[in-house]
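Structural characterization, general
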Amino acid sequence: MPTPCRVRPRPAVLAAVALAALPALAACGGGEEAAAPRPKASPTPSSWDRSPDSVAAVGDSITTGFDSCQVLSDCPSVSWSTGDSPEVRSLAARLLGDGASARARSWNFAETGARMSDLEGQMRLAAARRPELVTVLAGANDACRGSVKGMTPVETFREQFGTALRTLRRESPKTQVYVASIPDLKRLWEVGRGTSMAQEIWKLGICPTMLGEAEAMDRKAVERRRKVRERVEEYNEALAEVCARDRRCRTDGGAVYAYRFGARQLSRWDLFHPGVDGQARLADIAYRAVTA
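Just so it is clear, the model here is predicted, and its values are computed rather than measured.

Before going further, it helps to spend a moment on helix H12 (residues 219-244). Over its 26 residues, H12 runs 37 Å from end to end, which matches the ideal 38 Å to within 8%, given 1.5 Å per residue. Considered for burial, the residues of H12 that qualify are Ala221, Arg224, Arg225, Val228, Arg231, Val232, Tyr235, Asn236, Ala238, Leu239, Val242 and Cys243. By the N-cap criterion, in which a side-chain oxygen at the helix start approaches the backbone nitrogen of a residue two or three places on, H12 is capped by aspartate 218, the distance to lysine 220 being 3.1 Å.

Have a look at this one:
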């Protein structure tokens, strides 16, 4: 359930294809599904506060709710981190309570299309609010590039996340951080490659490193997908390593990456971003990790 590259297809074209294919997608149903796994949160000191009273979110279009409510639009109300939709029951709603109280003490600084290089600026904005918890879900766009060579190098990715975390620490030293792992991009390909809708929409430029030429099974295509999946795993390792050096940082233990989502968890408009049900599953995983 990752985010698209910065360069997005023309809205009118994508909207036309997506809307025309809605009946077919509704008929295809769920695909393989499972309950949200219980995350194995990374070790943290006993001082970890399991009931923070304010939440800020940083990241990419997963956290902005892009394509979750309507085509080609952010929908922060269903964000897994700070949304107020009763269908999702976001992390903020579960921690702070539903309604006005949660809205007054949660902020979403995520941006559609963001990469890890953008996280430092988002962290600076979040730190200004002095939240007790910041959620991080970013990195899919670093792998979703125009080519395998264009993916962000692992060391660069690691340094960028470390810089973002240090920025937060300088300005809000006591803020806790929850880091969600990057979803398995190859799982997206596995779920959608057999549907004509997915193939047509993905041709418009959504995550070409993994989803380009979705029907191809030649050696070159298989190797390309393997490299992208491997890079995502390396990114997740880097996130965990940097987080482990910060006494107020906790990860999901790889739970989001391991989650075997199906079509019902994905946007009905692009079969790529999380839909409302997918956002709810992300909220489940986050709540379990934060309160573990």
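Judged by nonpolar contacts, the single largest core of 77 residues is most densely connected at Leu119, Met123, Val136, Tyr178, Leu185, Trp202 and Leu211. Ranked by residues supplied to this core, first place goes to H12 with 7 residues. If sequence neighbours within four positions are ignored, tryptophan 202 has contacts with Leu188, Trp189, Gly192, Arg193, Leu211, Ala214, Asp270, Leu271 and Phe272.

Turning to the confidence of the model for the protein chain, a few remarks are in order. Of all residues in the protein chain, 84% attain a pLDDT of 70 or more, and the chain-wide mean is 88. When the criterion is pLDDT under 50, residues 3-34 qualifies, and its contacts beyond four places in sequence or with other chains add up to 69 contacts.

A few words now on the packing of helix H6 (residues 119-127) against helix H8 (residues 154-171). For the pair H6 and H8, the least separation of the axes is 8 Å and the interaxial angle reads 15°. Classified by the angle between their axes, H6 and H8 sit roughly parallel to one another. Handedness of the crossing formed by H6 with H8: right-handed. Along the contact surface, H6 presents Leu119, Glu120, Met123, Arg124 and Ala127, while H8 presents Phe161, Thr163, Ala164, Leu165, Thr167, Leu168, Arg170 and Glu171. Residue composition of the contact of H6 with H8, by class: 7 nonpolar, 2 polar and 4 charged.

Relative to each other, H8 and H12 sit at 35°, their axes nearing to 9 Å. Considering the relative orientation of H8 and H12, their crossing is right-handed. Side by side, H8 and H12 meet where Val154, Phe157, Arg158, Phe161, Gly162 and Leu165 of the first sit next to Arg231, Glu234, Tyr235, Ala238, Leu239, Glu241, Val242 and Cys243 of the second. Grouping the constituent residues of the contact of H8 with H12 by class yields 9 nonpolar, 1 polar and 4 charged.

Turning next to the sheet that holds strand E4 (residues 176-179). Taken together, 5 strands build an open sheet; the order of strands is E2-E1-E3-E4-E5 and the sheet is parallel. If you trace the sheet from one side to the other, it starts and ends with strand E2 (106-108) and strand E5 (249-251), each paired once. Between one strand axis and the next, the sheet turns by 20° as a mean value, whatever way the strands run. Direction of pairing for strand E3 (residues 133-137) relative to E4: parallel, over a ladder of 4 bridges. Within E4, the position partnered with threonine 135 by the bridge is tyrosine 178. Across the sheet, H8 lies against E3 and E4, angled at about 155° from E4, the strand it touches most.

Glancing now at unusual backbone geometry. Despite not being glycine, leucine 72 has its phi angle at roughly 55°, a positive value. Tracing the backbone through its elements, the reader meets leucine 72 in the loop between helix H3 (61-64) and helix H4 (91-96). Accessibility expressed as a relative area gives 21% for leucine 72, which makes it partly exposed. Positive phi is not limited to glycine here, since arginine 130 has a value of about 50°. Residue position: arginine 130 is located in the loop between H6 and E3.

Okay, the environment of threonine 175 next. Within the secondary structure layout, threonine 175 lies in the loop between H8 and E4. Residue threonine 175 is classed as buried on the basis of its relative accessible area of 2%. Sequence separation between threonine 175 and arginine 130 is 45 residues; the distance between their C-alpha atoms is 7.0 Å. Discounting chain neighbours no more than four positions away, the residues touching threonine 175 are Arg130, Pro131, Glu132, Leu133, Val134, Leu168, Arg169 and Arg248. Polar side-chain contacts of threonine 175 include one of 2.5 Å to the side chain of serine 172.

Every second residue of E4 is oriented toward a common face, with Gln176 and Tyr178 on one face and Val177 and Val179 on the other, all of them buried. Relative to E5, E4 is paired through 3 bridges, and the arrangement is parallel. Each residue of the ladder has a partner; that of valine 177, found in E5, is cysteine 249.

The next subject is the state of the cysteines. The full count for this structure, using the stated rule, is 3 disulfides. Disulfide pairing is shown between cysteine 144 and cysteine 207; the S-S distance is 2.1 Å. Between cysteine 144 and cysteine 207 the sulfur-sulfur dihedral comes to about -80°; the bridge is accordingly left-handed. Taken together, the residues cysteine 144 in the loop between helix H7 (140-143) and H8 and cysteine 207 in the loop between helix H10 (196-202) and helix H11 (208-211) connect sequence positions 63 residues apart.

Basis of the calculations
- Residues numbered from 1 in each chain as written.
- Predicted model: local features only at pLDDT ≥ 70, side-chain atom pairs only at ≥ 80, totals over all residues.
- Heavy atoms only, no water.
- Helix = DSSP H or I, 4+ residues; strand = E, 2+ residues; numbered from the N terminus.
- Expected span 1.5 Å × (residues − 1).
- Buried < 20%, exposed > 50% of the residue type's maximum accessible area, 1.4 Å probe, protein only.
- Polar contact = N/O pair within 3.5 Å; in protein donor to acceptor, adjacent residues only side chain to side chain.
- Core = buried A, V, L, I, M, F, W, Y, C linked by side-chain atoms within 4.5 Å.
- Contact = heavy atoms within 4.5 Å.
- pLDDT = per-residue confidence, 0-100.
- Axes fitted to C-alpha atoms, helices over the stretch in contact; angles between N-to-C directions.
- Parallel < 35°, antiparallel > 145°, perpendicular 65-115°, else oblique.
- Left-handed = near helix turned anticlockwise from the far one by under 90°.
- Nonpolar A, V, L, I, M, F, W, Y, C, P; charged D, E, K, R; others polar.
- Pairing = 2+ DSSP bridges.
- Disulfide = S-S within 2.5 Å.

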